[in-house]
Amino acid sequence: MSSRVERLREAAASAWKPAVDIGAAILATLNTAHLVVEGRDSSRWQRVALVLAALLALVAVRFPRLTAGVTRFLVGPQRQSKASVSVFRGLRPYDSVPPGRAGLVQRIWRDLEQRSFVIVDGIPGAGKTSIALGGIVPLAASAGICVRVRPGSDAAAFVQSVDQAAKATIPSGAEGLRTILVDPTEELFTLNPESARIAALEALSRAMNGGAHLLLVIRSDFRDLLDKACRAADPAGRVFDLTSYHTVHPFSREEAITAIGEIIAGSSRADTTSPGSDEPFACVDTDAFAEAFADALLRPIGDRRLFAEKNEAVLPADVQSLGLVLEQMGPRFVQAKAVRAIGRRGLLLKYLEDVKDRVLHASGLNGEDCIRILREFLKDGGRWSAADVARR
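Chemist: Could you clarify how one ought to interpret the overall build of the protein in this entry?
Modeler: Each helix and strand counted, the protein has 15 helices and 7 strands in total. In the protein, which comprises 392 residues, the proportion classed as buried is 42%. Pairs at least 24 apart in sequence give 75% of the contacts found in the protein among residues at least 6 apart. When the accessible surface of the protein is totalled, it reaches about 22000 Å², and 56% of it is carbon and sulfur.

Chemist: Is there a simple way to explain the side chain of Asp183 in this structure?
Modeler: The topology assignment puts Asp183 in the loop between β3 (177-182) and α7 (187-190). Overall, Asp183 belongs to the buried group, its relative accessible area being 3%. A distance of 3.0 Å separates the side chain of Asp183 from the side chain of Thr129, its partner in a polar contact. Excluding residues within four positions of it along the chain, Asp183 makes contact with Thr129, Arg148, Val149, Arg150, Pro151 and Val217.

Chemist: Would you mind showing me how to read unusual backbone geometry here?
Modeler: When glycine is set aside, most residues are seen to have a negative phi, and most peptide bonds are trans. The residue after Asp183, namely Pro184, is reached through a cis peptide bond having omega -5°. Here Pro184 lies in the loop between β3 and α7.

Chemist: Just checking my understanding: could you explain the nonpolar core for this structure?
Modeler: The biggest cluster of nonpolar side chains holds 29 residues, and the ones touching the most others in it are Phe88, Ile260, Phe289, Phe293 and Val319. Contributions of two or more residues to this core are made by α10 (253-265), α11 (286-297), α12 (316-329) and α13 (336-363). With 7 residues, α11 is the single largest residue contributor to this core. The next biggest cluster of nonpolar side chains, apart from the first, holds 28 residues, and it includes Val149, Val162, Ala212 and Leu216.

Chemist: Help me out: how do you make sense of the environment of Ile170 in this one?
Modeler: Tracing the sequence through the fold places Ile170 in the loop between α6 (155-166) and β3. Sequence spacing of Ile170 and Cys146 is 24 residues, and the spatial spacing of their C-alpha atoms is 9.1 Å.

Chemist: I would appreciate a short explanation of the sheet that holds strand β4 (residues 213-219) in the present structure.
Modeler: With parallel pairing, 5 strands are arranged side by side in an open sheet as β2-β3-β4-β1-β5. Either end of the sheet is taken by a strand with one partner, and the two such strands are β2 (144-149) and β5 (245-248). Sheet twist, expressed as the mean angle between neighbouring strand axes with direction ignored, is 15°. Two elements, β3 and β4, share 4 bridges in a ladder whose sense is parallel. Residue pairing across strands places Thr179 opposite His213, the latter belonging to β4. Contacts from α6 reach β2 and β3 within the one sheet, and its direction differs from that of β3 by about 160°. Helix α8 (residues 194-209) rests against β1 (117-122), β3 and β4 of the sheet, and its axis sits at about 145° to β4.

Chemist: Whenever I open this one, the packing of α6 against α8 confuses me. Can you help?
Modeler: A packed helix pair is summarised by two numbers, namely the angle formed by the two axes and the spacing between the axes. Viewed as axis vectors pointing N to C, α6 and α8 meet at an angle of 0°, and their least axial separation amounts to 9 Å. The angle between α6 and α8 falls in the class roughly parallel. Listed contacts from α8 to Ala155, Phe158, Val159, Val162, Asp163 and Ala166 of α6 are Ala196, Ala199, Ala200, Ala203, Leu204, Arg206 and Ala207. A breakdown of the residues in the contact of α6 with α8 according to their chemical character gives 11 nonpolar, no polar and 2 charged.

Chemist: Looking at this model, I keep getting lost on the environment of Arg107. Mind explaining?
Modeler: Within the fold, Arg107 resides in helix α4 (residues 102-114). Along the chain, Arg107 and His246 lie 139 residues apart, while their C-alpha atoms are 8.6 Å from each other.

Chemist: Just checking my understanding: could you explain the packing of aromatic side chains for this structure?
Modeler: How two aromatic rings sit relative to each other is given by the distance of their centres and the angle of their planes. Applying the stated criterion across every chain yields a total of 3 aromatic pairs. Relative to Phe293, the ring of Phe88 has its centre 6.0 Å away and its plane inclined at 75°; by these criteria the two rings are edge-to-face. Within this pair, whereas Phe88 is found in the loop between α3 (64-75) and α4, its partner Phe293 is found in helix α11, the two being separated by 205 residues in sequence. When its relative accessible area of 1% is taken as the criterion, Phe88 is described as buried. When the ring of Phe117 is compared with that of Phe240, the centres are 5.3 Å apart and the planes differ by 75°; the resulting orientation is edge-to-face. Taken as a pair, Phe117 in strand β1 and Phe240 in the loop between α9 (223-233) and β5 lie far apart in primary sequence, 123 residues in all. Judged by relative accessible area, Phe117 falls into the buried class, the value being 2%.

Rules of the game
Residues numbered from 1 in each chain as written. Predicted model: local features only at pLDDT ≥ 70, side-chain atom pairs only at ≥ 80, totals over all residues. Heavy atoms only, no water. Helix = DSSP H or I, 4+ residues; strand = E, 2+ residues; numbered from the N terminus. Buried < 20%, exposed > 50% of the residue type's maximum accessible area, 1.4 Å probe, protein only. Contact = heavy atoms within 4.5 Å. Areas by Shrake-Rupley, 256 points an atom, 1.4 Å probe, with all protein chains shown as cover. Polar contact = N/O pair within 3.5 Å; in protein donor to acceptor, adjacent residues only side chain to side chain. Core = buried A, V, L, I, M, F, W, Y, C linked by side-chain atoms within 4.5 Å. Pairing = 2+ DSSP bridges. Axes fitted to C-alpha atoms, helices over the stretch in contact; angles between N-to-C directions. Parallel < 35°, antiparallel > 145°, perpendicular 65-115°, else oblique. Nonpolar A, V, L, I, M, F, W, Y, C, P; charged D, E, K, R; others polar. Phe/Tyr/Trp six-rings, centres within 6.5 Å; stacked < 30°, edge-to-face > 60°.

Read these as spatial facts, not as claims about activity.
Structure representation (structure tokens):
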């Protein structure tokens with residue numbers, strides 16, 4: 001019964017604004033035609049109806065926040081998942097070593113201990129930020145102090161933050177390593193002009209000359225721009241030594257199976273609750289599910305400029321986001337047979353529907369409008385401010 005009511009509320013929330021627009025247009029058209037025919041003999045209620053139609057149209061066009069509020073009221077609060085705690089994280093980064101990445105974390109850390117400039121790159125969704133925040137930051141903090149600095153669009157604030165991080169007091173008893181994490185470094189290029197980038201690199205150079213160790217996390221498609229900027233700032237490569245870098249690759253099939261198994265095993269609820277529990281991973285066959293889920297997520301990943309080879313892999317972001325979708329669908333879908341039947345396409349469609357539903361409940365914005373705005377945002381390189389989003 002509750003699901004039927006929710007569907008009716010969502011239908012009403014999606015349809016009320018178009019219905020008001022159409023109704024106002026029809027009402028205005030009919031009353032305008034009647035006024036033209038009757039002239040001064042038209043009745044007062046007809047003139048009132050015409051004014052009302054104009055007001056409705058004005059509210060719908062000029063006051064989007066009001067219409068969004070009405071939509072949120074109609075759709076009601078979002079239904080919460082029955083599971084008390086999620087096994088999968090969605091797109092939230094880890095605060096501990098991510099599953100399947102322990103070896104890479106140790107290699108990056110050993111390099112960072114010995115060198116003052118280390119780069120970590122990878123394609124979007126490969127898990128760079130989780131490796132940095134969950135793996136490197138705790139190690140760096142235990143060895144001294146670690147400060148994360150995000151470039152953003154305010155170059156002066158970034159330079160000030162870097163200078164402060166370079167002078168931060170190291171806790172007593174620590175080894176004395178001062179680490180600065182810059183993530184996401186691509187914001188130096190997407191949100192700042194060249195003069196601001198030069199100032200930022202000068203600040204980072206001062207920090208390293210003062211003894212700080214620098215870890216830059218950047219998307220692979222911006223790596224060439226970073227290399228050029230570093231060579232321009234330091235032609236001899238004495239400070240910005242570009243020879244120390246680590247690329248975060250997507251999971252192979254075998255790595256994905258291992259990581260999925262670690263994720264489920266890391267949940268205190270896995271294989272410990274009764275078959276009648278609402279928890280999705282109660283008594284799940286972990287090995288069979290991990291293999292089926294990894295197979296469903298395999299897709300060609302590589303540089304489109306190169307010869308097209310069959311190089312299928314699994315993005316860690318897909319594991320977490322689509323795994324969360326499965327988890328929210330309920331226990332009967334967290335089975336190997338069900339995963340194979342749904343497939344990657346079915347999971348993506350369900351994920352999009354879930355995103356649209358969340359947007360509708362949170363903002364009152366129609367899901368199709370949300371996707372349209374997101375496409376424009378990505379086409380423009382992600383440079384919009386909150387005001388830009390509101391205008392659209």
